[in-house]
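What follows is each chain in one-letter form.
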Amino acid sequence: MPESTATSVGVPGDTRLEKLSVSKNRHWFSKLPVVRQLGIAVGWQKGMLIVGLVLTCFFLLVAIFAPVIAPYGYAQMKYDDGTGFPTQAPPSAEHIWGTTVGGYDVFSRTVWGARTAVIAIIVAVVLSIFLGVLLGLVSGYFGGWVDRVLVVIADAIYSFPSLLLAILMAIVISGGQSSMWGGILASGISITVVYIPQYFRTIRAEVVRIKGSAFVESSKVVGASTWRIMTRHLLRNSTRTLPVILTLNSSEAILTLAGLGFLGFGIEPTKAAEWGYDLNRSVADVTAGIWWTAVFPGLAIVLIVLGITLVGESLNDLADPRLRTRKSAGEVIGSIEDTSVDPNAKPDAANQVLAELDAMDGRDAAGDSTTVGDAGKEA
Amino acid sequence: MAGTHSAKDNDLAEKAVKDDALTPPTGDDLAVVDDLSVSFVTDAGPIKAVDGVHFTIPRRSVVGVVGESGSGKSVTARSIIKLLPETATTSGAVWLRSRDGKGAVDVLRLSGDDLRRVRGGEAAMVFQEPNSVLNPVYTIGWQIEEGLLAHGMKDRKERRAKAIEILEKVGIPDAATRVDYYPHQFSGGQKQRIVIAMALVLNPGLILADEPTTALDVTVQAEILDLLRLARDEFGASVLIITHNMGVIADIADQVVVMYRGHVVEQGDVEQIFYHPQHDYTRRLLAAVPRIGQKLVVRDREGRPVERKVDWRTQPVAVEAKGLTITYPGRLMQPDFTAVDGIDFTIHRSEVLGLVGESGSGKSTTGRAIAGLQKVSGGSLKVLGVEMNGVKERAFKPKRAEIGFVFQDPGSSFDPLMTIAENVAEPLIVHGKYSSVADAKDYVGDLLEMVQLPRAYMNRFPHELSGGQRQRASLARGLALKPSLLIADEPTSALDVSVQAKVLELFKQLQAEIGFACLFITHDLAVVDMLADRIMVMHQGRIVEHGDADQIMQHPAEPYTRKLLASLPVPDPREQREHRAQLHELLAAEQA
Amino acid sequence: MSSPTAAAAPAKPAKRVKRNRLSGGFFRFVLTRFLLIIPTVFILVTVVFFVMRATGDPISAALGGRLAPDELQRRIHAAGYDRPIIVQYIDYLGGLLHGDLGTTMTDNQPVVSILTRYGAATLELAILALIIALLVGIPLGRLAAHHRDHASDAGIRIFAILCYATPVFFLGLLLKLVFAVWMNVLPSSGRASLSSEMQFTRLVSPTGLYIVDALQLGDMSVLADVLRHAVLPALALGLLTAGVFIRLVRTNVIATYNSGYVEAARSRGVGEGRLLGKHAWKPALIPIITVMGMQIALMLAGAVLTETTFEWKGLGFMLSTYLKARDFVAVQGIVILIAIIVAVVNFIVDVIAAIIDPRVRY
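- Chain C appears in an unreviewed UniProt entry as ABC transporter permease from Bifidobacterium pullorum subsp. saeculare.
- Taken from UniProt, the Subcellular location (unreviewed entry) comment for chain C reads in full: "Cell membrane".
- Per its UniProt entry, chain C bears the Sequence similarities (unreviewed entry) comment "Belongs to the binding-protein-dependent transport system permease family."

- Chain A carries the name ABC transporter permease in an unreviewed UniProt entry, which gives Bifidobacterium pullorum subsp. saeculare as its organism.
- Taken directly from UniProt, the Subcellular location (unreviewed entry) text for chain A runs: "Cell membrane".

Next up, the structure:
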């Protein structure tokens, strides 16, 4: 037992934390949601997250630069000199991925399809988050019979096949098929209706958990208004799990959009390119051995969903200490910090500092906004 | 091991030298923890939890490891059966002798089936939370038998007989039937008995008990400690008990190991540690432990005791309850649950009323009702002149400025996304005293200084403060509006004793200076005795006893209060021996 | 719908109650859970009814533009579609209670008879796909949990995500392309060859489940024919579901594998194989079964796409046919039928989960 510790005895837990938080002076961008997780991840988890990010970014870039990348328009069926494209032509120099039975260029339509998919995700996610979060917040906080009715409705819709519901909504909104924006909006809204219950359930569960926590009760004791409690405390604290659900739902949104298109409830081919519709048209081709009309748009769907799902699953794993991988140090090193029991266990009063360390990592929004602001001033 | 080796094999030579350092120690101790270090990898980098720990566990004895959170005591105990997460790295050795005295093994170098045989067979563990260590979907008999099966008992009938036998031994009534029950069909204390039975049935030489009573009420704690004594006396096992409670140590330990920040500060027999502590830290730890009959006296800078300016008995009544009843509505087709069942009490201004009870006694519900967090179902509750039975929030809101509340859990009492200043200033802004947080900055700084926190802490986030600091900040928030009534719901039960002592001192001083009426809710009789003017004991929703603090502590009238007092272990081994005898008499009388 | 992780959290221990009167707990659970079917179906019927009617009456939707306006009006009036919507709604609910879901516009059949004629095909496809999903999903999920963070885990996870990321119709097309067109070893569409279909007409009481019917006939060549037709659709739908099952099993087993009770059993010397196979498996099974029940809904949606891809004449194929014909009475009827099936399946699954969970049973 070394002598030095005899002199360092003091009130535990009072000064060491200062050093801890001061020494953690990281660059602002390393605290941004996805970047921060990239720093935590190790091994396979890191690999999966990186692959997912690369795929997602690739499709985003394709969506943005579709007009530059695609040699032809999505509805183009003729060369500039007025002669028509060949139909069902195999891949060639002019049409690197071939042409369809209707005479569209497969490569161009696949590229333009990325744009449709990305816009539809954004519309679907933005709309369903707003309504889902609002309903979840109100329902979870007030409870009572309104809550019970909303829960039963959400559960009923949640248990229902989402594609069927999306079909019904698509029929109502657009009567079947429509223009690019009309079609995308219709698809987006159809998907929205399907996903509202998911956000509702998640946010409601979080709100119910948080409203029993001491800081919300403390606000009630001092007489804070319901509006203040909901906006200042519940809203910000209950939306931390959203990034994970958001990514996982985005991938489902693409699959639903493609399903709608495949059944013929998507967007008309002359208004926008949509992978599901193209696959629908290629069913007959496949039986005739014409593979290029099906394989390329299909692969596009698989890869974009794969990318987004990899990101979502990685974020989910990293947010859950039970699923998170950690490296072993290999040798006994490190400074002595408060720890009792096991660092993977749920933080409790017995292992405060580790809880603090975890909380420090969980602190995105608050810590970042200030640091990002500072960096902005310097620039 | 230190045999001769050829010079050409340098690696081997080095290894042998290293092995020399790890030869089993001589002597007849059951276990020797030799220069053990453990570190973990966290997101914040590697953390060393245990650093060069050395101590021994004699045969047939109870060794108590005491220390505050972060002392590394749990990690040390888990290292003895190498039950550490994958992210842990260890060095040093843990020598464990088998029960029959055949040779010693270094557990840290075991793996596979060798390690499996040691776990349970030589050293078995009892955990803190019986709820989470019993598998909810298997019967307790099956779970006991799993251990036996893992240690080679193939015969099913024999296993079952053994399971029933051990359940009887640990005091589960009607064991032959209840062996087929599921964990949720037992009470918390019974579950912990079952967990101990699972350890004892394998007949290990060493029982590792990691805070085995922390999650339990004091009356149940006394029973579990008796059971662990039984493990030593009847089963001939040694017990390593990890605890932060000096009373538990005084009650059960033969030997004591004091740990602090990953080091062993002191090891000695229990009398030496309590009566002749060698180390400064041990002395401080002992001084911080609350004891019954020890009134807390706070002194100002000149050393004069801080006293209240007025006699609370002459003050008007702040809270008055008459036949107060609170029920929780039952779920579909289930009866309502009555948490508080027709209680009467008053709190005067400037008075500290201590409310004591075990879990489920209704003490927290009472406090929440006073703060308007819980609807009153029957009777009358007047808070600062407002009748709470059927009160409208609009009518009560102005009174809220006069009420402060300090919550138990320092982890969740602040909004994690708001700074300390924003959190502390919330009551000020809600009641329009200041228009913004920036506006209230100076006053919030004053408040933080009042609770002995640096002003600069206001820009920190809650997780950047330790538990004790957060509880002080919580007190600052509770007092921000200069309330005339403060409700403190177990404000120190999540804190280490040394931190608890400081928070209680601060609390006492502020109460004397400001003179608010206070309802102090706690399960700890020693804590309430330090602070309270009057004490109210609750049990199953009713008030068992109610009177002056000294009266109740010195001459309890009701059997329940007496049992509660007798169950509380005294942090003094000699006194505790008599104290325990008293408890056993009391229980015997109860049986008769 | 396929967020198994949401259900990964282990169930909290039941709240302590003062008076423990749980003797009839299981019966009460089954009863209350059964009663919950009614509002669920009612809500879905209501939503579907009003959503479908938001576009107007079904006669205009199906025949608008093809009939003269006054003829259209006459037919609308005859069918009662000019009455107030609430009256029509109550009328529809009344019919539903008597098992009447209306009559299709295009081929003038009672919707209920579509169920009896095509339900068996969908049931057969769903059962086969479920078997594939369970056979692939459970062992792989457990393997991944066991070898967590090793190469095999990463491989299985990526396989699972690929299964899930591949739209069922695209997988169907790929399988067709490879096995039916390029290798030409399996049929590309339909449920049986024409000769087999002819054989089935000889049966006195056909079940509609072709595998069962083939066994009834006792003709091995017919059975082989039926199975050859079923391989690709069942594989396409089964792998989609298997991807979800792998994730579900893996997450939940990891969660219980890290729980206090598994750690406690490990501290008593129980081996890792048994910890994974017994101690962690049974508690993980409760959320797994519950979420698997929800996946049945996903499978029914997948069946619509699979049946369309492989011209498998089941409920899904008919739904997509009626959708194209804009026969909204039929669509509404089939959708409500599916809603009822989903509600009943979820009820059965919850009861199975409750039987495993002693906290509900006692």
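### Quick notes on the overall build of chain A
Logical step 1: The secondary structure content of chain A amounts to 16 helices and one strand.
Logical step 2: When each of the 379 residues of chain A is scored for burial, the buried share is 52%.
Logical step 3: Residue pairs at least 24 apart in sequence account for 69% of intrachain contacts in chain A once pairs closer than 6 positions are excluded.

### Some remarks on the overall build of chain C
Logical step 1: Within chain C, the secondary structure is distributed over 17 helices and zero strands.
Logical step 2: Overall size of chain C, expressed as C-alpha extent along the three principal axes, is 85 × 65 × 40 Å.
Logical step 3: Buried residues in chain C amount to 48% of all 362 residues.

### A word on the interface of chain C and chain B
Logical step 1: On the side of chain B, 33 residues touch chain C, which itself brings 28 residues to the contact.
Logical step 2: Among the secondary structure elements, those contributing two or more residues to the side of chain C that touches chain B are α1 (25-35), α12 (260-267), α14 (281-310) and α17 (358-361) of chain C.
Logical step 3: Residue contributions to the side of chain C that touches chain B peak at seven residues, all from α12(C).

### Description of the UniProt feature "transmembrane region" (unreviewed entry) in chain A
Residue and element names in this part refer to chain A.
Logical step 1: With numbering aligned to this structure, UniProt lists the feature "transmembrane region" (unreviewed entry) at residues 48-70, 117-142, 149-173, 179-200, 242-267 and 290-312.
Logical step 2: The span residues 242-267 is 81% helix and 0% strand, and its two end C-alpha atoms sit 29 Å from each other.
Logical step 3: Span residues 290-312 is 91% helix and 0% strand, its end C-alpha atoms 35 Å apart.

### Re the sheet that holds strand β15 (residues 386-387) of chain B
Residue and element names in this part refer to chain B.
Logical step 1: Ordered by their spatial adjacency, four strands build an open sheet running β12-β11-β14-β15, and the pairing between neighbours is antiparallel. For this open sheet the edge positions go to β12 (337-348) and β15, each flanked by a neighbour on one side alone.
Logical step 2: With nine bridges joining them, strand β11 (residues 317-328) and β12 adopt antiparallel strand pairing. Each bridged residue has a counterpart across the sheet, and for leucine 324 the counterpart in β12 is isoleucine 343.

### Side note on helix α10 (residues 214-222) of chain A
Residue and element names in this part refer to chain A.
Logical step 1: When you tally the buried positions in α10, you get seven out of nine residues, the bulk of the element.
Logical step 2: Taken as a whole, α10 has its buried residues at Ala214, Phe215, Val216, Ser218, Ser219, Val221 and Val222.
Logical step 3: Just past α10, the residue glycine 223 takes up positive phi, approximately 90 degrees.

### Things to note about the pairing of β11(B)
Logical step 1: In this sheet, strand β14 (residues 378-383) of chain B lies alongside β11(B) in antiparallel orientation, the contact comprising five bridges. Pairing of Lys322(B) across the sheet is with Ser380(B), part of β14(B).

### Examining the UniProt feature "transmembrane region" (unreviewed entry) in chain C
Residues and elements named next belong to chain C.
Logical step 1: UniProt's entry tags residues 25-52, 125-145, 157-183, 230-249, 284-305 and 328-356 with the feature "transmembrane region" (unreviewed entry), counted in the numbering of this structure.
Logical step 2: Strand forms 0% of residues 284-305 and helix 100%; the C-alpha atoms that close the span are 31 Å apart.
Logical step 3: End-to-end, the C-alpha atoms of residues 328-356 are 42 Å apart, and along that stretch the chain is 100% helix and 0% strand.

What counts as what
- Residues numbered from 1 in each chain as written.
- Chains lettered and ligands numbered in written order.
- Predicted model: local features only at pLDDT ≥ 70, side-chain atom pairs only at ≥ 80, totals over all residues.
- UniProt positions renumbered as here; feature names shortened; annotations may be inferred.
- Helix = DSSP H or I, 4+ residues; strand = E, 2+ residues; numbered from the N terminus.
- Buried ≥ 20, exposed ≤ 12 C-beta atoms within 10 Å, placed from the backbone.
- Contact = placed C-beta atoms within 7 Å.
- Pairing = 2+ DSSP bridges.

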